[in-house]
Amino acid sequence: MPRMCSWEELSEQAYLLNHASSVENVYSSSFLDKNVQKACLNRVLFDINVPYDKRDDKGENAKKRKRIKTTGPFDETTQKVFENHSSIQHKLPTRAHQSATNNKEALEFVDHFNTSSQYDADRRFRGQNSTNRTIITEMDGESFLIPPRVAFINSSIDRFEEYIGRDEKFDLIVLDPPWWNKYIRRVKAVNAKASYRMLTNADIKAIPLERHRHENTLVVVWCTNAPSHIDAVVKDFFPKWGVELVACWYWVKITGSSGQPVCKFNEPTQKQPYERIFIGLPKGSPMARTFPSERFLYSVPCAIHSHKPPLYDLFTSKFVPPGATCLELFARSLYPGCTSYGMEVLKLQNKRLYELAMEEGGALHLNKYDKTCQ
């Protein structure tokens, strides 16, 4: 089955990522269960149609909403991202037929998943699928999709050295840390099932990644816009891990209906529609001379909190060799060719989040959201 395009070049500086297509390519064929033909993330997860600050909220939430303040001057980085978005917005795909005027369906779907699904983050286990077929497995009353050629560890990061051998080296290491955040702490108090456990910068720095790189290992860190986190990556993490900063990219979150940012560009210290991706290479790496120091990645975000678009298709197409070995830390999902490590490493592999195309009686049967998996 032909692969769907998971990324495309918008300009010399910008790429458009398609999170849904990237995942759909993983499950386009070759299930161990011959009755399953293919699978994809439920497309309702990407029904982000309007900016979050323009949602059609009603009732008590609307009454409590504060008046939106006038945006002040942008800092240099925000101005740069704003100008790039302005220059390529006409190239971003739009849904002319999109009738939805809010993000309600996507958010309600995620709320239902968070409250109805079960996942024991404290349970320690490891597993792998060394075959070329996707396996559907059961654990604690839930079903999970395990894609081909993966290894996974469900454990806290302080046990990293128990599971990753000292001599294991990787071509690509990706981290999406659970950054310490006061707001998320308040959310956790209200809804623990939808939250995750945060780490201090010292906890992250202590991960011994310096043992698991070679001269051309790319180390990629998703980062918030908090100055303390930015400084920690550049001044603490990278020097300790023996890599130097070679690039700062930006992930710009846009709506699917019009390509608008999911919230307005703001003054410093306020919420922004973009996040940073810091990329490091070992000192002296020959790749450092040619690696692009700045790029802008655009995509419609998944409604699941902090679920980033996969970078593997883009990176393996342009920056790391075919068959590259990857390590993802703080992972909540799996990707072929990758060792995934996290306290919720299988959470987003839950079958509840996917639409499966089943063959029944020789005919292909698609369930409620059949338009999503064709």
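Our structure's up above, just so we're on the same page.
As the structure is a prediction and not an experimental result, all values here were calculated from the model.

## Observations concerning the pairing of strand β5 (residues 135–139)
Taken together, the five bridges between β5 and strand β6 (residues 142–146) define a ladder with antiparallel strand orientation. Paired with I136 across the two strands is L145, which belongs to β6. Hairpin remark: β5 followed by β6, antiparallel, with two residues in the connecting loop; positive phi at D140, about 55 degrees.

## A look at the pattern of salt bridges
Note that side chains of opposite charge can pair when their charged atoms are close. In the structure shown here, the tally under the stated rule is 13 salt bridges. A salt bridge links D176 to K308; the shortest N-O distance between them is 3.0 Å. Placement of D176 in the loop between β8 (170–175) and α6 (182–190) and of K308 in the loop between β12 (296–299) and α9 (312–318) is noted, with a sequence separation of 132 residues between them. We note that D176, like K308, is buried. Among the ionic contacts, a cluster of salt bridges with common partners joins D176, K253, E275 and K308.

## Points about empty space enclosed by the protein
Applying the stated criterion to the full structure yields two cavities of 30 Å³ or more. If you add up the space inside the largest cavity, you get close to 50 Å³. The wall of the largest cavity is formed by S6, W7, L17, N18, H19, S22, P309, P310, D313 and L314. Looking at the lining of the largest cavity, the elements with two or more residues in it are α1 (19–26) and α9.

## With respect to the sheet that holds strand β1 (residues 7–9)
Across the sheet, which stays open at both edges, the eleven strands sit in the order β1-β2-β12-β10-β11-β9-β8-β13-β14-β7-β4 with mixed pairing between neighbours. Across the chains shown, the open sheet's two edge strands, defined by having one partner strand only, are β1 and β4 (125–129). Neighbour to neighbour, the strand axes of the sheet diverge by 20 degrees on average, direction disregarded. Those strands touched by helix α3 (residues 76–88) are β2 (14–17), β10 (243–253), β11 (274–282) and β12, and its axis lies near 60 degrees from that of β12.

## Concerning the nonpolar core
Judged by nonpolar contacts, the single largest core of 93 residues is most densely connected at F291 and F315. Ranked by residues supplied to this core, first place goes to β10 with eight residues. Apart from residues no more than four positions distant in its own chain, F291 is found in contact with L218, V246, A247, W249, I279, L281, F315 and F319. Counting residues in each nonpolar core, the second largest holds ten residues, with F144, V150, F152 and A331 among its members.

## Quick word on the state of the cysteines
Enumeration over the complete set of coordinates arrives at zero disulfides. Residue C248 stays outside any disulfide, its sulfur separated by 8.4 Å from that of C223, the closest cysteine.

## Some points on the pairing of β10
Of all eleven residues in β10, nine are buried, a share of seventy percent or more. Examined bridge by bridge, β10 and β11 share nine bridges and lie antiparallel to one another. Within the sheet, the bridge partner assigned to W249 lies in β11 and is I277. Judged from the four bridges that link them, β10 and β12 form a sheet pairing that is parallel.

## What about the packing of aromatic side chains?
Under the criterion given, the structure shown has 23 aromatic pairs. Between F238 and W241 the ring centres are 6.4 Å apart and the planes differ by 50 degrees, which places this aromatic pair in the tilted class. One end of the pair, F238, and the other, W241, are both in helix α8 (residues 227–241), three residues apart, so they sit about a helical turn from each other. For W241, a relative accessible area of 1% translates into the label buried. For the pair F291 and F319, a centre-to-centre distance of 4.8 Å together with 45 degrees between the ring planes defines the contact as tilted. One end of the pair, F291, is in the loop between β11 and β12; the other, F319, is in the loop between α9 and β13 (326–329), with 28 residues separating them in the sequence. Per residue, the accessibility class of F291 equals that of F319, and both read buried.

What counts and how
Per chain, residues are indexed from 1 in the order of the written sequence. Thresholds applied to this predicted model are a pLDDT of at least 70 for local features of residues and 80 or more for the giving and counting of side-chain atom pairs; totals over whole chains, interfaces and linings are not thresholded and use all residues. Each side-chain value is worked out from all heavy atoms of the structure, with water and hydrogens disregarded. Here, any two strands with at least 2 DSSP bridges between them count as paired. Here a strand is any run of E in DSSP of at least two residues, a helix any run of H or I of at least four, and the numbering for each starts at the N terminus. Salt bridge, as used here: a side-chain nitrogen of Lys or Arg that lies within 4 Å of a carboxyl oxygen of Asp or Glu. Residue burial is assigned from relative accessible area. The probe radius is 1.4 Å, only protein chains are included, and a residue is buried under 20% of its type maximum, exposed over 50%, and partly exposed in between. The rule is simple: put a 1 Å grid over the protein atoms alone, call a set of points where a 1.4 Å probe fits but cannot get out a cavity, call an open set with protein on both sides within 12 Å along at least five of seven lines a pocket, and count a residue as lining if it has an atom within 4 Å of a point. Grid points are joined across faces, edges and corners, and a volume is the space filled by probe spheres set on the points. Think of each axis as a best-fit line through the C-alpha atoms, taken over the contacting stretch in the case of a helix, with angles from 0 to 180 degrees between the N-to-C directions. The contact criterion used throughout is that any non-hydrogen atoms of two residues lie within 4.5 Å. Residues belong to a common nonpolar core when they are buried Ala, Val, Leu, Ile, Met, Phe, Trp, Tyr or Cys residues joined through side-chain atoms within 4.5 Å. By convention in this document, the label disulfide applies to cysteine sulfur atom pairs within 2.5 Å. Side-chain rings of Phe, Tyr and Trp (the six-membered ring for Trp) are treated as a pair once their centres are within 6.5 Å; stacked means planes under 30 degrees apart, edge-to-face means over 60, and tilted covers the remaining angles.

Nothing here speaks to function; it is all geometry.
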